[in-house]
Amino acid sequence: MARGGVPGAAIAILQDGRIDRVAGYGVRIAGQAAPVGPDTLFSVGSVSKVATAALCLKLVALGHLDLDRSIDRWLKRWRVPAGVAGDSAGITLRMLLSHTAGFNVHGFQDIAPDAPMPTLVQTLDGAAPAVNKPLARIDAAGTRSRYSGGGYMIVQAVIEDALGASFGAVARRHLFVPLDMKRSRFDAAPAAGTADIAHAHDGDGKAAALPRGWQSFPELAPSGLWTSANDLARLVLGLGASYRAPGGFLPQELAVDMMTAVSPGPFGLGPRLASEGAARIFHHAGANDSYKAYIEGNLATGDGLVIVTNGANGDVLGDEIRNAVSDALSWPGDWSVRTGPIATAGLIESFTGSYKRRADQNRKLAGLLDTVFSAESLEIAPSAKGLQMTAKGKSRDLVAVTSNRFVVPDAYIPAGTLQLLFDRGADRSVQGLTVIGGGGVLLFDRA
């Protein structure tokens, strides 16, 4: 925490379908005697999407919504824009929750405490004071995994219009109360003076978003949840229990649907999914400017983890915490890749050269890589450490894990490590390489 300038954090560890321990560390406000506790409120960024998805599925279970009918049935204040040429498919909640609806607008900027906040419709239209682009369909529905916070704003509009109530009120009645999430709320801007709330801090651990002490997040469904480690633990437990047996917060069939990946991406209905078998987990991270958060639940064992922080470098801290917990509890399916002295003598020169992304690759094979690794060409060259990859003008060192497979240590890929596998044939020539990560693969041919 000190190294990353993160003043405060709270962690919950789940084992065997129960909260094993939850504790706060550090302070809510740098330089003050204001300790973080299990119930301290934090902004949790895109972890909000999992809560929104859980709420949406609860409303499906109650008969208010349907996952597979066109959302035009419910929308009253906004119309879904036309699709790309040749795409006349109706947009469904299943598409929106799994990021396969084809919409733009990845995420949203935090808003300063004294700045005006847009309405939901202004955000959807990209109209002032919103600063995002208008929501538009840029992929044919159901053909590509493209992360879209904007799509979750459409989910919010559907819920409000269908039930005739504010998103916060619907969430309180159908999500927070049933799961006993006492401190949680979808709130664009909690009032100054809110009790036991973590203040925002920059990368140096200095106070940000003054004078109030936290930014505004009017995009409620994708990033407007304020909650605690205790409450998020209850959410993870509730979803996992619904998956494993009947009689939970959600009907088991819907919970299984939620935790099944929607092709061509790695998302279920809300959470990301990773690993296989007894290591299968659902998870999601959240990243606003000054708050970083992470949740994870093992679908088989009921183990899990919640991390909330109030510093801009909280994601780096969270990675260290996740690795430490996984090691200490011997969790299966650790995403880390163990490196060591790997002999590549005589091979480095055969790997060097230019590689071009294969144009005819089926997008379903790419998974999340299709959007988070957008390079069309790669340059591989020798370096002091062995090999170096240059993509879109940025060079990164490669670290060998086998004689022809390398990892990219500083490349962010959700739910895994970015890897390059050089395809070396029986004639010893290298005609291509495979980029692996994010639940998919990308194929590159040697130029």
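This one's a predicted model, so the numbers in the text were calculated from it and none came from an experiment.

What to know about the overall build of the chain
Thought 1: The secondary structure content of the chain amounts to 11 helices and 17 strands.
Thought 2: Relative to a compact globule of 447 residues, whose C-alpha radius of gyration would be 22 Å, the chain shows 22 Å and is just as compact.
Thought 3: Along the longest, intermediate and shortest principal axes, the C-alpha atoms of the chain span 65 × 55 × 45 Å.
Thought 4: When each of the 447 residues of the chain is scored for burial, the buried share is 54%.
Thought 5: Summing over all exposed atoms, the chain offers an accessible surface of approximately 18300 Å²; the carbon and sulfur share of this is 51%.
Thought 6: Each charge class in the chain was averaged separately, 43 positive and 41 negative side chains, and the resulting centres sit 2 Å apart.

Points about the pairing of strand β9 (residues 304–309)
Thought 1: Across the 6 residues of β9, 6 count as buried, placing the element largely inside the fold.
Thought 2: Residues Gly304, Val306 and Val308 line one face of β9 and the alternating positions Leu305, Ile307 and Thr309 line the opposite face, and both faces are buried.
Thought 3: Both strand β1 (residues 8–15) and β9 contribute to a ladder of 6 bridges, which runs antiparallel. When the sheet's bridge partners are listed, Ile11 is paired in β9 with Ile307.

Structural notes on the sheet that holds strand β2 (residues 18–26)
Thought 1: Taken in spatial order, the 6 strands line up as β2-β1-β9-β8-β7-β6 in an open sheet, and their pairing is antiparallel. The open sheet has two edge strands, β2 and β6 (272–274), and neither has a second partner. Mean inter-strand twist for the sheet, computed between neighbouring axes without regard to direction, equals 15°.
Thought 2: Bridge analysis of strand β8 (residues 292–298) against β9 gives 6 bridges, and the strand direction is antiparallel. When the bridges of β9 are listed, Lys292 appears paired with Thr309.

Observations concerning the packing of aromatic side chains
Thought 1: Per the counting criterion, the structure on display carries 10 aromatic pairs.
Thought 2: Centre to centre, the rings of Trp214 and Trp226 are 6.3 Å apart; their planes meet at 70°, and the pair counts as edge-to-face. In this pair, Trp214 sits in the loop between β4 (185–186) and α6 (220–223) while Trp226 sits in strand β5 (residues 225–227), placing the two residues 12 residues apart along the sequence.
Thought 3: You can call Trp214 buried: its relative accessible area is 1%.
Thought 4: One aromatic cluster in this structure is built from Trp214, Phe217, Trp226 and Tyr291.

Topic: the side chain of Ser43
Thought 1: Along the chain, Ser43 falls in strand β3 (residues 42–43).
Thought 2: Look at Ser43 and you get buried, because its relative accessible area is 1%.
Thought 3: Leaving out residues up to four positions away in the same chain, Ser43 has contacts with Phe217, Leu225, Trp226, Asn288 and Tyr291.

Examining the sheet that holds β3
Thought 1: Taken in spatial order, the 3 strands line up as β3-β5-β4 in an open sheet, and their pairing is antiparallel. Each having just a single partner strand, β3 and β4 make up the two edges of the open sheet.
Thought 2: As judged from the 2 bridges shared by β3 and β5, these two strands associate in the antiparallel manner. In the sheet register, Phe42 faces β5, and the bridge partner there is Thr227.

Some details on helix α9 (residues 314–328)
Thought 1: Compared with the 21 Å implied by 1.5 Å per residue over 15 residues, the 21 Å span of α9 between its first and last C-alpha is a close match.
Thought 2: Every buried residue belonging to α9 is among Gly314, Leu317, Gly318, Ile321, Arg322, Val325 and Ser326, and all of these are buried. The buried residues of α9 occupy an angular sector of 165° when the element is viewed end-on, so they sit on one face. Facing away from the buried surface of α9 by more than 90 degrees, the exposed residues are Val316 and Asp327.
Thought 3: Immediately beyond the C-terminal end of α9, within one or two residues, lies Ser330, with a positive phi of roughly 55°.

What about the environment of Leu387?
Thought 1: Within the secondary structure, Leu387 is located in strand β12 (residues 386–391).
Thought 2: Residues Leu387 and Ala34, 353 residues apart in the sequence, show an inter-C-alpha distance of 48 Å.
Thought 3: Contacts of Leu387, omitting those with residues within four sequence positions, involve Ile348, Phe351, Thr352, Ile380, Ala381, Pro382, Arg396, Asp397, Leu398, Phe406 and Phe422.

Quick word on helix α7 (residues 229–244)
Thought 1: Look at α7: 23 Å from first C-alpha to last across 16 residues, which is about the 22 Å you get at 1.5 Å a residue.
Thought 2: In terms of burial, α7 is largely enclosed, as 12 of its 16 residues are buried.

So, the pattern of salt bridges
Thought 1: Summed over the entire model, instances satisfying the criterion amount to 17 salt bridges.
Thought 2: A salt bridge links Asp87 to Arg137, with the nearest nitrogen and oxygen atoms 3.0 Å apart. Within this pair, whereas Asp87 is found in the loop between α1 (48–61) and α2 (93–97), its partner Arg137 is found in the loop between α3 (120–125) and α4 (149–163), the two being separated by 50 residues in sequence. Just as Asp87 is buried, Arg137 falls in that class too.
Thought 3: Asp397 is the salt-bridge partner of Lys385, the closest N and O atoms lying 3.8 Å from each other.

Rules and cut-offs
Residues numbered from 1 in each chain as written. Predicted model: local features only at pLDDT ≥ 70, side-chain atom pairs only at ≥ 80, totals over all residues. Heavy atoms only, no water. Helix = DSSP H or I, 4+ residues; strand = E, 2+ residues; numbered from the N terminus. Rg over C-alpha atoms; globule rule 2.2 N^0.38 Å. Buried < 20%, exposed > 50% of the residue type's maximum accessible area, 1.4 Å probe, protein only. Areas by Shrake-Rupley, 256 points an atom, 1.4 Å probe, with all protein chains shown as cover. Lys, Arg positive; Asp, Glu negative; His and termini not counted. Charge placed at Lys NZ, Arg CZ, Asp CG, Glu CD. Pairing = 2+ DSSP bridges. Axes fitted to C-alpha atoms, helices over the stretch in contact; angles between N-to-C directions. Phe/Tyr/Trp six-rings, centres within 6.5 Å; stacked < 30°, edge-to-face > 60°. Contact = heavy atoms within 4.5 Å. Expected span 1.5 Å × (residues − 1). Arc of directions from axis to C-beta. Salt bridge = Lys/Arg side-chain N within 4 Å of Asp/Glu carboxyl O.

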